[in-house]
Amino acid sequence: MKNLTKKTMDLIEIEKELFAEFKSRVGKGFVDSEYIQRAIGEYSKCIHSNTSNKGIMLSGRTGTGKTILLKSFVKIWDKYNSIKMENIKSSNLQFCTTKTEGYSNNLDFRMPFLSLDDFGSEPEEIKHYGQTITPFIDIIQYRYDMKDKRKLLFSTTNLTPKMISERYGDRTFSRLKGDNLILKLDGEDNRKK
């Protein structure tokens, strides 16, 4: 490894560690792809520099490794960063909305670094004490309003960009797109093999 700086070597080590964590979770038979490698590279840069102003959204069909990549990223992120990442499954969004005082289950969308898995599978609206709440839209709006506070979102979805815009509206998609690097994970469903 001639002519590599310490900083570059550290990034390579983080990539190796993240890939090893990912591989330990997927087991045998998972097809590695250029999409997985790109996502690992981008996640590793976020861990390494800790100065990114954008989160990462992984989009793609089921079974391409999005959730496993996100979980692997969160584990390695928490190892290298003093500010831990809040990890929320979209089905739990009803417990962490911007319009309620209490936060059930200790879920807190206000954390500087938020991991949100499988958005698009949550109810679009929730009734809470007579109020209609749109959890995903509310969270994106809150984080957008707090942009100067460096509120990064790392997420996964099976929705395409067009479907996100149709489901949540152009404004929400525009904010999501502006605040996130969107990576498409293509490939076959690895669960069907």
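Residues numbered from 1 in each chain as written. Predicted model: local features only at pLDDT ≥ 70, side-chain atom pairs only at ≥ 80, totals over all residues. Heavy atoms only, no water.

1. With respect to the packing of helix α2 (residues 34–49) against helix α3 (residues 66–80)
Pairs of packed helices are described in terms of their axes, by the angle between the two and the distance that separates them. At a closest axis distance of 10 Å, the pairing of α2 and α3 adopts a crossing angle of 20 degrees. By the angle between their directions, the pair α2 and α3 is classed as roughly parallel. Of the two elements, α2 crosses α3, and the hand of that crossing is right-handed. Here Ile36, Ala39, Ile40, Tyr43, Cys46 and Ile47 of α2 lie close against α3, whose contacting residues are Leu69, Leu70, Phe73, Ile76, Trp77 and Tyr80. (Axes fitted to C-alpha atoms, helices over the stretch in contact; angles between N-to-C directions. Helix = DSSP H or I, 4+ residues; strand = E, 2+ residues; numbered from the N terminus. Parallel < 35°, antiparallel > 145°, perpendicular 65-115°, else oblique. Left-handed = near helix turned anticlockwise from the far one by under 90°. Contact = heavy atoms within 4.5 Å.)

2. Looking at the pattern of salt bridges
Going through the model one piece at a time under the given rule, you end up with ten salt bridges. The shortest N-O distance in the salt bridge between Glu122 and Arg167 comes to 3.9 Å. Taken together, the residues Glu122 in the loop between β3 (113–119) and β4 (126–128) and Arg167 in helix α5 (residues 161–168) connect sequence positions 45 residues apart. By relative accessible area, Arg167 is classed as partly exposed at 22%. One connected set of salt bridges, linked through shared partners, spans Glu21, Arg25 and Lys75. (Salt bridge = Lys/Arg side-chain N within 4 Å of Asp/Glu carboxyl O. Buried < 20%, exposed > 50% of the residue type's maximum accessible area, 1.4 Å probe, protein only.)

Honestly, it's all geometry; don't read function into it.
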